[in-house]
Amino acid sequence: MSQVMDPIYLTKGIRSMFYMVTPNESSFEHVEDVPLYVQQATPFFIGLMAVELVVSLLKDDAPVADFGDFVTSLSAGIISRMPALFARSIEVTGYIYVWNNFHLLELPWDSAWTWWLAFLGVDFGYYWVHRFAHELNIIWAAHQVHHSSEYYNLSTALRQSATQQFSSWVFYLPMALAVPPSVFAVHIQFNLLYQFWIHTELIRDMGPLEWVLNTPSHHRVHHGRNEYCIDKNYGGALIIWDRLFGTFALESHKVVYGLVNPINTFEIIYVQFHYYKYLWKSFNRYTTIFNKLGVLWKGPSWKPGKPRLGDHSEVPEVLPQLTVLMMTGYILYSLTSFGFIIDQRPTASMWELLRCIMMVMLLRYGYMTVPGPLAGLIEASVSLSLLYWGLQIVSQLVSVEKKTA
Ligand SMILES: [Zn+2]
Ligand SMILES: [Zn+2]
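Because the structure is predicted, anything quoted here is derived from the model rather than measured.

Visitor: Honestly, the overall build of the protein in this entry has me stumped. Any pointers?
Guide: Scanning the protein from terminus to terminus reveals 19 helices and zero strands. Looking at the protein as a whole, 29% of its 405 residues are labelled buried. Intrachain contacts of the protein at a sequence separation of at least 6 include 72% that bridge at least 24 residues.

As structure tokens, then:
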């Protein structure tokens, strides 16, 4: 803890979170000497998340957060670092192997030129890792974890996949033909660290920096499930690759976060692995080998007869305001109805009957999803209530008729 309070350690730690380090202080001859920057950043992750929380509490138009979502993101962060407990990251291990056996030239590890080249090289590699992670279903199965939150705050950055590095390491191998592993091992960490701070709604616009850097605004678009956001802004530290390769989109309408088909659960193992099960099912469902391979190697929205990345106009429309309005309306309606029951008003049974019908509609048309075993129970109780209030109304009508007769 005392180390954290040391001003030099503190400023260096904070600078590390924004890639604001000099080649001089972050060049090493041997890969074993490279600090574990990501591990060391833990107090800064926590510190910045606390700052974000305080600032958003002080602001009127505070972005929303959710405790369950926060815990799920943190758990995913911890799970994703677990493979690193057993071995050096697969990315660095694979890189060292290629360097040892195949490197063509040896750029000097202590030159600023090598440092800057590696900065660009890792960021360029990351762009393609990330783009393939969205365009190939088999890699998307890993990466979807990062997109499964419906909130957007610093904790979302920690929601990482445990399995993504099993595919990402391949993309950096061309660099191993010339750039020493010790330089690569520095940049692969700073590139990841840089992406922490851009997961916030508190910073709206960075002015001219928006042209070059990946910023909170650009990355919000990347996390959106609005149609204009799908498959856009893959950049890591720089946004120039997206501008260059035609995958750039500017933040325009309010972004709605999360997966196109939300998973509606905080169960951490499910969040990490559910998509593999889905892939396996789809793989078995198709009969031709072409379609089976399509499930793995085409985009998540692909279906037989559709283009490689699927048809984005089929993305379910996002109507968050309307949904919120409907839910609020439903709650107000329910409370009013309960009041009528307590008051023993004759109209109460009609109100309750309508409430049951609304409930049935919400369940039927998928506006309300209930976890498996509960679904049957809820449908049964709603049906019984429907019957009960229906009979109440009939008996009321009968007694009215008797009185008037
Ligand atoms: Zn992504
Ligand atoms: Zn992200």
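Visitor: Explain the nonpolar core to me, please; I cannot follow it from the model alone.
Guide: Side chains that are nonpolar tend, in soluble globular proteins, to be buried together. Judged by nonpolar contacts, the single largest core of 45 residues is most densely connected at Tyr172 and Phe184. Mapped onto this core, the elements with two or more residues apiece are α7 (90-102), α8 (112-135), α9 (137-143), α10 (154-158), α12 (181-197) and α15 (268-285). The greatest single-element share of this core, amounting to nine residues, is contributed by α12. Those residues in contact with Tyr172, other than ones at most four positions away along the chain, are Glu91, Tyr95, Val122, Gly125 and Phe184. Counting residues in each nonpolar core, the second largest holds six residues, with Tyr152, Cys229, Ile230 and Tyr257 among its members.

Visitor: I would appreciate a short explanation of the environment of Ser168 in the present structure.
Guide: Note that Ser168 resides in helix α11 (residues 165-168). Judged by local crowding, Ser168 falls into the buried class, with 25 C-beta atoms found within 10 Å. Ser168 has contacts with Glu91 and Val129, leaving out every residue within four places of it along the chain.

Visitor: Sorry if this is basic, but what is going on with the UniProt feature "transmembrane region" (unreviewed entry) in the protein here?
Guide: Under the local residue numbering, the UniProt record ascribes the feature "transmembrane region" (unreviewed entry) to residues 112-129, 169-190 and 318-341. As a span, residues 112-129 carries 100% helix and 0% strand, and end to end its C-alpha atoms are 25 Å apart. Along residues 169-190, the helical share is 45% and the strand share 0%, with 16 Å between the first and last C-alpha atoms.

Visitor: How do you make sense of α15 when you look at a structure like this?
Guide: An α-helix turns once per 3.6 residues; consequently, residues spaced three or four apart project the same way. If you check α15, its first and last C-alpha atoms are 27 Å apart, about what 18 residues at 1.5 Å a residue would give, namely 26 Å. Maximum bend of α15: about 40°, positioned at His274. Three or more residues of α15 are buried, namely Val271, Gln272 and Tyr275. Buried positions along α15 lie against α5 (67-81) and α9.

Visitor: What's the story with the environment of Ile230 in this structure? I'm lost.
Guide: Looking at where Ile230 falls in the secondary structure, it is placed in the loop between α13 (216-222) and α14 (240-245). Each C-alpha atom of the pair Ile230 and Thr247 lies 9.7 Å from the other, and the pair is 17 residues apart in sequence.

Visitor: Looking at this model, I keep getting lost on helix α18 (residues 348-364). Mind explaining?
Guide: Between its first and last C-alpha atoms α18 spans 24 Å; for 17 residues at 1.5 Å apiece the expected length is 24 Å, and the two agree. Every buried residue of α18 is listed here: Ser349, Glu352, Arg355 and Met359. One side of α18 carries all its buried residues, which in axial view fall inside an arc of 115°. The outward face of α18, more than 90 degrees from its buried face, is lined by the exposed residues Met361 and Arg364.

Visitor: Honestly, the packing of α7 against α12 in this entry has me stumped. Any pointers?
Guide: The packing of two helices is summarised by the inter-axis angle and the distance between the axes. At a closest axis distance of 10 Å, the pairing of α7 and α12 adopts a crossing angle of 160°. For the element pair α7 / α12, the angle class is roughly antiparallel. In the crossing of α7 with α12, the sense of the turn from one axis to the other is right-handed. Residues Glu91, Val92, Tyr95, Ile96 and Trp99 of α7 form the contact with α12, whose own contacting residues are Pro181, Phe184, Ala185 and Ile188. Split by residue class, the contact of α7 with α12 holds eight nonpolar, no polar and one charged.

Here is what the cut-offs are and how they apply
- Residues numbered from 1 in each chain as written.
- Chains lettered and ligands numbered in written order.
- Predicted model: local features only at pLDDT ≥ 70, side-chain atom pairs only at ≥ 80, totals over all residues.
- Helix = DSSP H or I, 4+ residues; strand = E, 2+ residues; numbered from the N terminus.
- Buried ≥ 20, exposed ≤ 12 C-beta atoms within 10 Å, placed from the backbone.
- Contact = placed C-beta atoms within 7 Å.
- Core = buried A, V, L, I, M, F, W, Y, C linked by C-beta atoms within 7 Å.
- UniProt positions renumbered as here; feature names shortened; annotations may be inferred.
- Expected span 1.5 Å × (residues − 1).
- Bend = angle between axes of the 7 residues up to and from the residue.
- Arc of directions from axis to C-beta.
- Axes fitted to C-alpha atoms, helices over the stretch in contact; angles between N-to-C directions.
- Parallel < 35°, antiparallel > 145°, perpendicular 65-115°, else oblique.
- Left-handed = near helix turned anticlockwise from the far one by under 90°.
- Nonpolar A, V, L, I, M, F, W, Y, C, P; charged D, E, K, R; others polar.

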